[in-house]
Each structure stands twice: as C-alpha cells, then as structure tokens.
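Structural overview
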Amino acid sequence: MNLQAPDAATIDVLHERIRACRRCELQGFPISPPPLVFGRAPAPFMLIGQAPSLTDWREGRIYKGPAAQKLIGWLRDAGFDDRDLGRTVYMTALTKCFPGRQPGKSTDRAPSARERTNCREWLGAELALVQPRVVILFGKMAIDTILPAMPLTDAIGNTFDLGGRTYLPLPHSSGASTWLNDDSNRALLAQAIGRLSDLRRAIRPAQTQFTSVENIT
Ligand code: SF4
C-alpha cells in the first residue's frame, strides 16, 4: 500500500488519508476502524499516546476515555484548558485505530510492533506538519518508542532534547497500571507536571483565537 503520507500538504489532507487507512485490518489484526486523529497544525505541543480506547472508538474522538480524562486533568494542572485540546496541543497516538480488547479481559489490547510500524509513517507525517516544540509522551509504550531505553523512574520528571524538540514523558493513567500507587512515583509525576507548566508558560502563543473543540476534526 502506498500511504503517500509524507506528501500531504495540509493536516486536513493528511487526516483524510489516515481515516482511509485499513492497513492493519487487511493484515488480519483485530482492530476497529476508523482511525482517529484530532487537532490542527501547526501546534506548539503534541501529545502521543498508545492507541485509541474503546470509549474513543464509540465516541469517534481520541482521548475521550477514563484514562484520558485523568491525563487531561494533569494537563489542566499544568495550566492548559479545554480550548487547548486539539489546538495548542495536537492529540495523537502511536496507532490510530482502537486495537480491541485483550482476549477474555476488559482491558485494551496493546498494539503489536507490526501495527506500530504500520502506523509510524502517519506519525512521521503528523510531526512534519504539526512541527511541535514540545512532545508529550503519554505512557511507557510511547516513551519507549521515541526515547532511548530507560526505566520509567528515570524518564518521568525529566525532559529530553532531541532533534530540536523537547520530549516530556508522562506515565499512563490507566487503572490497569500500578506505577502511580507508589508515593515516590507520584512525586515524579508532580515534577513532570511542573516541568510541563514551565514549558507551557514559555511556549504558549501569546494570543490564540480559539474555536469550540467540537469544531476541530
Ligand atoms: S492503526 Fe494506523 S496503520 Fe493500522 S490501520 Fe489504523 S491508521 Fe492504518
């Protein structure tokens, strides 16, 4: 399949191409299209998570599920508000399709390495158009995909400058993760939110004409 992603001239054209992608389905992965993307380009911040959730798939928009609501609470703690979602902060994931549930479980299946490779070209095209100055990596899979290997305790609370961008890792907020049960890990999260707040104050455009989040596709 020729994805043609790097040739997309605008984010709308790229989103149209992403929404039409069925690569993983054609390879037999139990995903549930359509692919979900959300945001305008350019944007100073970009959020990269793992994959859309069941709630996202049902509602037709990424970052709608319970874990995402906790994440959005962290963004609010850093000073962002709902008008920033999809505008100041472009919102995407390593894979754009809901991967389905783990067999026999009520938790989501993690996208396989092959699916992530399939979707990498789309992520690269998003980065090329969004041109974020700060990339927020949400969860260990996103962190491990983008940054050199390191323990989560070394990643959370720190920032990493690579290729002219700053990467800021956050832990996953899913109830399935026990990492945040530890007091010292929660302190690292607070440190990460503090760093994100500093970056927001330094980078956020002075004046942005916001429209309703619901008008952003
Ligand atoms: S996960 Fe990505 S590569 Fe796979 S079908 Fe969805 S959009 Fe295409």
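Going by the structure above, here's the rest.
To keep things clear, this report deals only with the structure shown in the data block.

Quick notes on the rules
- Residues numbered from 1 in each chain as written.
- Predicted model: local features only at pLDDT ≥ 70, side-chain atom pairs only at ≥ 80, totals over all residues.
- Pairing = 2+ DSSP bridges.
- Helix = DSSP H or I, 4+ residues; strand = E, 2+ residues; numbered from the N terminus.
- Axes fitted to C-alpha atoms, helices over the stretch in contact; angles between N-to-C directions.
- Contact = placed C-beta atoms within 7 Å.
- Near = placed C-beta within 6 Å.

1. Some details on the sheet that holds strand β3 (residues 134-138)
Overall, mixed pairing links the five strands, which are arranged β2-β1-β3-β5-β4 in an open sheet. Of all strands in the sheet, those with a lone pairing partner are β2 (89-93) and β4 (160-162), marking the two edges. Sheet twist, expressed as the average angle between the axes of neighbouring strands with direction ignored, equals 25°. With five bridges joining them, β3 and strand β5 (residues 165-170) adopt parallel strand pairing. Among the inter-strand pairings, valine 134 is bridged to a residue of β5, identified as threonine 166. Against the sheet, helix α8 (residues 183-203) makes contact with β3 and β5, and its axis sits at roughly 145° relative to β5, the strand it touches most.

2. Section: the site of the ligand
Around the ligand sit 14 residues, and of these Cys21, Cys24, Pro35, Cys97 and Cys119 come closest. Considering every element that reaches the shell around the ligand, the biggest residue donor is helix α5 (residues 113-130), with four residues.

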